[in-house]
Amino acid sequence: KLREDVTKALEEKRRDKFIGNSLDASVIVEIKDKDIYETVSKYDKNFMADIFITSGFEISEVSEGFEGEVSKVNVIKAPGEKCERCWKIDENVGKDKEHPTLCPRCVSAVK
């Protein structure tokens, strides 16, 4: 159900031309369901971003956003630059002198 909420929120932002695709976005999710919250909060936020095919994921209070069945979802533009290998947007792209167009995760994969 959380996946449905996030997918609907992303689709709404895509339809409004706020984002082009889901990797342009970071999602901030306020989870209303206690069991879902307990399960999701055990995972690393990068892993959760991969699950939702977004550049970022965060669990936090959401003041405005898509009101889903089990969560409230705020979709924001992901901060940073696009990694040319994984296409995720990351604030750390460009910090590695040897691989200036890659994010840290991709830099460690190619080294």
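Structure shown above.
Residues numbered from 1 in each chain as written. Predicted model: local features only at pLDDT ≥ 70, side-chain atom pairs only at ≥ 80, totals over all residues. Heavy atoms only, no water.

Draft legend 1. Inspection of the overall build of the protein at higher detail. Counting its regular elements, the protein contains four helices and six strands. Tracing the protein from N to C terminus, the helices and strands come up as α-β-α-α-β-β-β-β-β-α. Dimensions of the protein, computed from the C-alpha atoms along their principal axes, are close to 45 × 30 × 20 Å. Looking at the protein as a whole, 36% of its 111 residues qualify as buried. For the protein, long-range pairs separated by at least 24 residues make up 58% of all intrachain contacts whose partners lie at least 6 apart in sequence. Carbon and sulfur atoms form 47% of the exposed surface of the protein, whose accessible area is close to 7100 Å². Across the protein, the 20 positively charged side chains and the 23 negatively charged ones have centroids separated by 3 Å. (Helix = DSSP H or I, 4+ residues; strand = E, 2+ residues; numbered from the N terminus. Buried < 20%, exposed > 50% of the residue type's maximum accessible area, 1.4 Å probe, protein only. Contact = heavy atoms within 4.5 Å. Areas by Shrake-Rupley, 256 points an atom, 1.4 Å probe, with all protein chains shown as cover. Lys, Arg positive; Asp, Glu negative; His and termini not counted. Charge placed at Lys NZ, Arg CZ, Asp CG, Glu CD.)

Draft legend 2. Representation of the nonpolar core in the model. Core analysis: the biggest nonpolar cluster contains 18 residues, and Leu2, Val6, Val27, Val29, Phe57 and Val73 have the highest contact counts within it. Counting residues per element, the ones that place at least two in this core are α1 (2-15), β1 (25-31), α3 (45-52) and β4 (71-77). Once you skip the residues sitting within four places of it in the chain, leucine 2 turns out to touch Val29, Ile31, Ile36, Val40, Phe52, Val70 and Ser71. (Core = buried A, V, L, I, M, F, W, Y, C linked by side-chain atoms within 4.5 Å.)

Draft legend 3. The arrangement of the sheet that holds strand β3 (residues 66-67) in detail. Strand order in the open sheet formed by four strands is β2-β1-β4-β3, with mixed pairing between adjacent strands. The sheet is open, and its two borders are formed by β2 (56-59) and β3, each paired with just one other strand. As paired elements, β1 and β4 share seven bridges and run antiparallel to each other. In the strand pairing of β4, alanine 25 is matched with lysine 77. Lying on the sheet, α1 is in contact with β1, β3 and β4; it crosses β4 at an angle near 40 degrees. (Pairing = 2+ DSSP bridges. Axes fitted to C-alpha atoms, helices over the stretch in contact; angles between N-to-C directions.)

Draft legend 4. Seen up close, the packing of aromatic side chains. If you walk through the whole model with that rule in mind, you get two aromatic pairs. Geometrically, the ring pair formed by phenylalanine 52 and phenylalanine 57 is stacked, given 5.5 Å between the ring centres and 15 degrees between the ring planes. The same class applies to phenylalanine 52 and to phenylalanine 57, which are both buried. Between lysine 77 and the ring centre of phenylalanine 18, over which it is positioned, the NZ or CZ distance is 5.2 Å. If you follow lysine 82 out to its NZ or CZ, it ends over the ring of tryptophan 87, 4.4 Å from the centre. (Phe/Tyr/Trp six-rings, centres within 6.5 Å; stacked < 30°, edge-to-face > 60°. Lys NZ or Arg CZ within 6 Å of the ring centre and 35° of its normal.)

Draft legend 5. The pattern of salt bridges, seen in detail. Applying the stated criterion across every chain, the model contains eight salt bridges. Ionic pairing is found between lysine 1 and glutamate 69, a salt bridge with its closest N-O pair at 2.8 Å. Highlighted residues: lysine 1 in the segment before α1 and glutamate 69 in the loop between β3 and β4, separated in sequence by 68 residues. The two residues lysine 1 and glutamate 69 agree in class, both being exposed. Three or more residues joined by partner-sharing salt bridges are found here, namely Lys32, Glu67 and Lys72. (Salt bridge = Lys/Arg side-chain N within 4 Å of Asp/Glu carboxyl O.)

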